[in-house]
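Reading the structure
Okay, here's what each chain looks like letter by letter:
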Amino acid sequence: MRSFFIASSPGFVPPSTNDFNLPPSIGDSPYSTKPIFLVFLSVILISAFFIAASRKAAVVPGKLQFAGESVYVFVRKSIGEEIIGHEFMRFVPFLFTLFTFVITNNVFGIVPLLQFPAMSHVAFAYVLAIFSFIVFHAVGIKKQGLIKYLSGIAFMPGVPKFVYILLTPIEIATFFIVRPLTLSLRLFANMFAGHLLLLVFISGGHYMLTNDHLLLKILSPFSFAMGIGMSFFEFMVQCLQAYIITLLTALFIAGALADEH
Amino acid sequence: MATGNEEGALWSIFGYLISGLLIWGGIGWGLDHWLHKGFFLPTGLILGCGASIYLVWLRFGRE
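Residues numbered from 1 in each chain as written. Chains lettered and ligands numbered in written order. Predicted model: local features only at pLDDT ≥ 70, side-chain atom pairs only at ≥ 80, totals over all residues.

**Thoughts on the interface of chain A and chain B**
Across the boundary between the two partners, chain A contributes 20 residues, which contact 17 residues of chain B. Within the residue set of the side of chain A that touches chain B, elements represented by two or more residues are helix H3 (63-84), helix H7 (164-210) and helix H8 (214-257) of chain A. Taken together, the residues of the side of chain A that touches chain B break down into 14 nonpolar, four polar and two charged. (Contact = placed C-beta atoms within 7 Å. Helix = DSSP H or I, 4+ residues; strand = E, 2+ residues; numbered from the N terminus. Nonpolar A, V, L, I, M, F, W, Y, C, P; charged D, E, K, R; others polar.)

In structure tokens form, the structure reads like this:
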């Protein structure tokens, strides 16, 4: 039975990291790959949507305006105001941009034909984390002054002096290495794993359907069904990850604004 | 679902635990490598873990 499978089929090639390296569309330019175009497309779509939603702003909003305002109010109220507190308005544009950019690019992962989350390339996630990193440190330095901000990070108040030897390296590592790294890797890993998961079920289903063996043909709908089910699950993960990266950025900003952490 | 602040605390705690292990585990690993011993890495890991739990308590458990 086993040898029959191997003999009758060219063999299933499981999806791998190679499936994420899409070929350039214009010549050999590495700047003309699908993720790059998707990122540009997301910027155009986001701009078009929110310009259209806010152009004819009325007291009684239409459907489009209501949709646009719901997203804005969600970021402003449940992320900005709740986390950062009374100074939150300054950061709403940044948080709003971050949230809409990430959620649009993530959801591209399950939109037919587009079907690729740009954030499954770690470089995109790094760039977002660098932005977040610069913003929250800049806010802290501007608010408290460089020395006070850094000593606030490095030296926890109310601790015996010798304990600093133990704690200060951890604090510094947390603020300058672990925070930006976890911020980007969490987003990247979720998108990467999600895309790989969909690839496994869809390409597996395709392989089973086109296989000569009848049993595999009959069973292939289950694989496709799993692919569809996982797409819904992915949608949830994609929204959640966009929320989490915005939420954590807001929290870091709030931490930098607070005098005593 | 947890509120924003609780969720944030969760991730900050996670960050502290990771960096405690990384930093002191890393120092221990370096000492092992340098002095050709074997006990600095586990010592560092335990020390880092303890220190970061202490730090989490200082940040979130004190008030």
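So that's the structure; there's more coming.
**Here we look at helix H5 (residues 122-144) of chain A**
Residues and elements named next belong to chain A. Between the first and last C-alpha of H5 there are 33 Å, a value that for 23 residues agrees with the 33 Å anticipated at 1.5 Å per step. Of the residues making up H5, those classed as buried are Phe-124, Ala-125, Leu-128, Ala-129, Ser-132, Phe-133, Phe-136, His-137, Val-139 and Gly-140. Against helix H2 (34-55), helix H4 (92-107), helix H6 (146-154), H7 and H8 lie the buried residues of H5. (Expected span 1.5 Å × (residues − 1). Buried ≥ 20, exposed ≤ 12 C-beta atoms within 10 Å, placed from the backbone.)

**Description of the environment of Leu-55 of chain B**
Relative to the helices and strands, Leu-55 of chain B resides in helix H2 (residues 40-61). On the neighbour-count criterion, Leu-55 of chain B (23 C-beta atoms within 10 Å) is buried. On a C-alpha basis, the gap between Leu-55 of chain B and Gly-20 of chain B in space is 9.3 Å, while along the polypeptide they are 35 residues apart. With sequence-adjacent residues up to four places away left out, Leu-55 of chain B is seen in contact with Leu-167 and Ile-170 of chain A together with Tyr-16 of chain B.

**Quick notes on the environment of Asp-19 of chain A**
Residue and element names in this part refer to chain A. Within the element layout of this structure, Asp-19 appears in the loop between helix H1 (2-8) and H2. Note on Asp-19: 15 C-beta atoms within 10 Å, which makes it partly exposed. Sequence separation of Asp-19 and Leu-196 is 177 residues, and the distance between their C-alpha atoms is 8.6 Å.

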